[in-house]
Amino acid sequence: MSPSSSSSPPLKSQPQTPLRRRPKAMKTPKNYHKHHSDQTPIPKLKPNRSITEILWVSLVATCIKFLLIPAYHSTDFEVHRNWLAITHSLPLSQWYSDETSPWTLDYPPFFAHFEHFLSFFASLVDPIMVNLQHGLNYKSQPTILFQRLTVIVSDFVLVFGIYRLTRNLGYKERVLIWVLVIFSPGLMIVDHLHFQYNGFLLGILLISLSALEEGKDLLGGFVFAVLLCFKHLFAVAAPVYFVYLLRHYCRGGLIRGFGRLVIMGSAVVAVFAAAYGAFLYHGQIQQVFHRMFPFGRGLCHAYWAPNSWVFYIILDKVLAFSLVKMGFSIQTPTASFTGGLVGDSSPFVILPRVTPMVTFSIVLLAIAPCLIKAWKDPQPRMITRWIAYAYTCGFMFGWHVHEKASLHFVIPLAIISLKSVEDAKHYFYLSIVSCYSLFPLLFEAQEYPIKVLLLLLHATLMWIGFSSHFTTTSRKAAESEQTRYDKTRFIVGWFGKLYLLGLVAVEIYGQFVHPILFAERLPFLPLMMISIYCAFGMMYSWIWQLRQIIKLH
């Protein structure tokens, strides 16, 4: 009789194990594979925790910024104070024609509206601050505090932008990139000492890049159009945006592609209409563009930005002096090349004169490899690298470039610095050179320890962060292969160490040796040495990035 027969005594029921479903594969976050190898486990994302973490990091940085409030500020402080007064005291139709101060409004309309918005609060803090006549060169303590705080508060746009770009990364990667960007010594020097709003504007750029990396092309293009209406100098990357969006967003056949082109074009036109429409209505559009593009300025700024034109200028001066010594009747070039105000020119004695159209053509030619890559294979994971390279080209070959423009590519390159050990080494050198090239902006003795400590702290954090990150990952990947392990470690080679020691030598000469040898004579020489020496580092960075653009697929 079978055990299951009804006549058999009932068996004690055993607890049944419920059927288990096959575990569902965890959904891979967007853009995950560009930052992680197949062997790395997918981190469990906790957005709320990530937001809390980045707020703590930004809070520490904010405390440092508060300590810098009483420090030196440049004429840019008066520039932006005057813009507050212009937008508060005058009707919109006169914003770009007022000449009460030499520091006339020359940013696009959205930034003018931003100043107009701030002016309402400024008038409550100190009414003289926004008075067009009585406020000239006004520097009361409430005025200084208010303007400093506006930069600090607006920096949270940068915090949001870097959060969007890194929220899908692992904890260590996120925090390291946050530190590189939020504690950037270049941003500290330019925005919170020298005084500008670069962090706020770079935050808008990072928001655009994060949207493109997530495949949200329409949002990315829209935000970039907004950025151009805040600061037109970001337009250097516009060709890359155009080609990438045309090939990546406007795809899917003729009808669908054309439809998407119309949608993207309508969004961009709407942004520019909102920015410039009122000025077009008042017949001021020509005056607006005249202020935004003052081509009467010289090829270089008063302090030469460390780009390719430094070598061109030096060659012209050397040739001129040499021919004079040989007995030729040639006008000897002066030490100061340009002054920087509208109306200055850039005379060359021997070499052909460089025009704005020449620089535009060279920049476009330099960006061409990037445009070809974006046309053939538009990949979201490459867009940040392409945009950074475009801004590097604009810095190296553009017209009247400010040294502060190096932030346009240094900050985006921080995002991709963890993609490989080579990217980390490149960023290590570049960020140090970029920061050191900004030292002449702070020329007072009381700020000297601040800028030196900011650079040393940044270099130390980079060294510790990169060494820790790549030592850990290379050990996991290399296992017992010592050769492969050595190649994936973060090691600064002898050539890099030699170049960085050269920066130290240039600084020692400018601060200690030059005053002893020449006293107050040849004051331009230390600045010229900084420009020339840093230009070699910037040229190396441009060549390295170009090789990466061509090599990577």
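The structure we're discussing is the one just above.
Everything numeric here is computed off the predicted structure, so don't read it as measured data.

Novice: Talk me through the overall build of the protein; I want residue IDs and the actual numbers.
Specialist: Each helix and strand counted, the protein has 21 helices and 0 strands in total. Across the 553 residues in the protein, those meeting the buried criterion constitute 52%.

Novice: Please set out the environment of Thr143 residue by residue, giving values where relevant.
Specialist: Looking at where Thr143 falls in the secondary structure, it is placed in helix α4 (residues 141-154). For the pair Thr143 and Met129, spaced 14 residues apart in the sequence, the C-alpha separation amounts to 6.5 Å. Beyond its immediate sequence surroundings of up to four residues, Thr143 is in contact with Phe77, Arg81, Asp126, Met129 and Tyr138.

Novice: Outline the side chain of Ser434, listing residues and values.
Specialist: Residue position: Ser434 is located in helix α17 (residues 421-437). Note on Ser434: relative accessible area 2%, which makes it buried. Those residues in contact with Ser434, other than ones at most four positions away along the chain, are Ser406, Val410 and Met538.

Novice: Kindly report on the environment of Cys534, identifying the contributing residues and their values.
Specialist: When you line up the elements, Cys534 lands in helix α21 (residues 524-551). Along the sequence, Cys534 and Ser434 sit 100 residues apart, while their C-alpha atoms lie 7.6 Å from each other. When neighbours within four sequence positions are excluded, Cys534 is seen to be in contact with Pro306, Val433, Tyr436, Ser437, Tyr499 and Leu503.

Novice: Report on helix α11 (residues 254-281), specifying residues and quantitative values.
Specialist: Along α11, the sharpest kink reaches roughly 45 degrees, centred on Ala275. Turning to α11, its buried residues are Gly257, Met264, Ala267, Val271, Ala275, Tyr276 and Phe279. In the core, the buried residues of α11 are packed alongside α3 (109-125), α9 (217-228), α10 (238-248) and α12 (285-292). Just beyond α11, the residue with positive phi is Gly283, at close to 70 degrees.

Novice: With reference to specific residues and values, describe the environment of Leu233.
Specialist: Tracing the backbone shows Leu233 in the loop between α9 and α10. In this structure the C-alpha to C-alpha distance between Leu233 and Ala405, which are 172 residues apart in sequence, comes to 8.8 Å.

Novice: Kindly report on the pattern of salt bridges, identifying the contributing residues and their values.
Specialist: Under the criterion given, the structure shown has 8 salt bridges. Here Arg81 and Glu78 are joined by a salt bridge, their closest N and O atoms 2.9 Å apart. Of this pair, Arg81 and Glu78 are both found in helix α2 (residues 75-89), 3 residues apart, which corresponds to roughly one turn of the helix. Here Glu78 falls in the buried class, since its relative accessible area comes to 4%. Among the charged side chains, a salt-bridge network with shared partners connects Arg164, Arg167, Glu214 and Lys216.

Novice: Please provide a residue-by-residue account of the packing of aromatic side chains, values included.
Specialist: Under the criterion given, the structure shown has 33 aromatic pairs. Their ring planes at 70 degrees and their centres at 6.0 Å tell us that Phe428 and Tyr429 sit as a pair that is edge-to-face. An identical accessibility class is assigned to Phe428 and Tyr429; each is buried. Between Arg247 and the ring centre of Trp375, over which it is positioned, the NZ or CZ distance is 4.5 Å. Over the face of the ring belonging to Tyr249 we find Arg260, whose NZ or CZ atom lies 4.8 Å from the ring centre.

Scoring rules and cut-offs
- Residues numbered from 1 in each chain as written.
- Predicted model: local features only at pLDDT ≥ 70, side-chain atom pairs only at ≥ 80, totals over all residues.
- Heavy atoms only, no water.
- Helix = DSSP H or I, 4+ residues; strand = E, 2+ residues; numbered from the N terminus.
- Buried < 20%, exposed > 50% of the residue type's maximum accessible area, 1.4 Å probe, protein only.
- Contact = heavy atoms within 4.5 Å.
- Bend = angle between axes of the 7 residues up to and from the residue.
- Salt bridge = Lys/Arg side-chain N within 4 Å of Asp/Glu carboxyl O.
- Phe/Tyr/Trp six-rings, centres within 6.5 Å; stacked < 30°, edge-to-face > 60°.
- Lys NZ or Arg CZ within 6 Å of the ring centre and 35° of its normal.

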